[in-house]
Amino acid sequence: MRAARFYGAGDVRIDDVEPAAVGPTDVRIDVTACGICGTDVHEYEHAEYTPAEPHPRSGASRPITIGHEFSGTVSEVGDDVTSVAVDDPVAVHPNIPCGACRYCEDGAYNRCADVLAVGLQTGAGGFAEEAVVPAQQVHRLPADVPVWQGALVEPLAVGLHAVRRSELRTGDTAAVFGCGPIGLTVVRALREAGAKRVFASEPNRARREVALELGADAVVDPTSEDAVARITTATDGGVDASFEFAGVAPAVNAAIESTRRGGGVTVGSMTSGTTSVDLQQVVTGERTLRGTYCYGFPPRSTRTEFDAVVESLGDGDVAADTFVTRRIGLDDLVAEGIEELGSPDTDHVKILVEP
């Protein structure tokens, strides 16, 4: 099969590789679509997450088939698999917890420090014609949902989890700083959660427009306008909840300053190095600063954000076409996908690769 493999920073190649074998608890998926995530762009530029040497849990090392936001159709199941069947449309949950640490024992699988990510620390990612993953990682899609939409479940679950972490209440006001693909899923989740007014701060014009389409009441270009002044003036001192997904210190501090005293700031951006935060604003205003990471992981005994998003797709509550601004083939992954999204002037939000 053909697969996009990551060799190192700036080096992704489309290779012909032997398909992996299906173990007794695995499934093989014919990939329909795989979204390019900000993590993929970051990895392409910095090579921080894929192992250069064999990973102690998975044994995988570069070159690694990348891609973790994907969906497709089950084409083969292992002997012990009963949860899905051949021809089932599925979305893949990419994170595999260790199952043995204190966090896994408590059921907080997304806090596992030894988690494996499909498409980063395993050998089977979604930028390929096929992928073999543990059956516990797949979620069956409703029959009337186009299979490609399953590639949006992972980023939409991130946004939903962030809003749940924030303890937002119906009727609250909110602001989102950074409207890349994940920030935009937060905008959508805020509207679904009953936020009264939603502000979005984003320097990219195209993404500001998408934020409005997804439910933001007002957008701000922080390069030409004081976002803090705009938001605090419009809300009598600040929003009830703010969210930071820009990954730069000015956005983190603007989110804090745009939040009312006693409000909450939820930070979900992934950055390299350290970020300076004005703790005086946190302390004197008794604001709560919290992190948010991914979403609920399997193995699961309770309903996760993945399940909720899948149900929303089935109910027709997700404007999937609004998120997806380009579809490309595997050969165009780097030039028309990763490098395009890495450009600050891009007009794209979510680019899907359809192998």
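The rules behind each value
- Residues numbered from 1 in each chain as written.
- Predicted model: local features only at pLDDT ≥ 70, side-chain atom pairs only at ≥ 80, totals over all residues.
- Heavy atoms only, no water.
- Core = buried A, V, L, I, M, F, W, Y, C linked by side-chain atoms within 4.5 Å.
- Buried < 20%, exposed > 50% of the residue type's maximum accessible area, 1.4 Å probe, protein only.
- Helix = DSSP H or I, 4+ residues; strand = E, 2+ residues; numbered from the N terminus.
- Contact = heavy atoms within 4.5 Å.
- Right-handed = clockwise from strand over helix to strand, strands pointing away.

## Looking at the nonpolar core
Moving on, step 1. With 51 residues, the main nonpolar core has Leu 184, Val 186, Leu 190 and Phe 243 as its most contacted residues.
Moving on, step 2. Looking at this core, the elements that each hand over two or more residues are helix H3 (153-166), strand S11 (173-177), helix H4 (181-192), strand S12 (197-201), helix H5 (205-213), strand S14 (239-244), helix H9 (305-315) and helix H10 (320-323).
Moving on, step 3. Top contributing element to this core by residue count: H3, with 6 residues.
Moving on, step 4. In contact with Val 186, other than residues within four places in its own chain, are Gly 159, Ala 162, Val 163, Val 176, Phe 243 and Phe 245.

## Concerning the environment of Val 228
Moving on, step 1. With respect to the secondary-structure elements, Val 228 resides in helix H6 (residues 227-234).
Moving on, step 2. Note on Val 228: relative accessible area 17%, which makes it buried.
Moving on, step 3. In sequence terms Val 228 and Thr 259 are 31 residues apart; their C-alpha atoms lie 8.9 Å from each other.
Moving on, step 4. Apart from the residues within four sequence positions on either side, Val 228 is in contact with Ala 254, Glu 257 and Ser 258.

## Let's talk about the pairing of S12
Moving on, step 1. Across the 5 residues of S12, 4 count as buried, placing the element largely inside the fold.
Moving on, step 2. In this view, the connection linking S11 to its parallel neighbour S12 by way of H4 has right-handed handedness.
Moving on, step 3. As a crossover connection, the stretch from S12 through H5 into strand S13 (residues 218-220) is right-handed.

None of this, on its own, says anything about what the molecule does.
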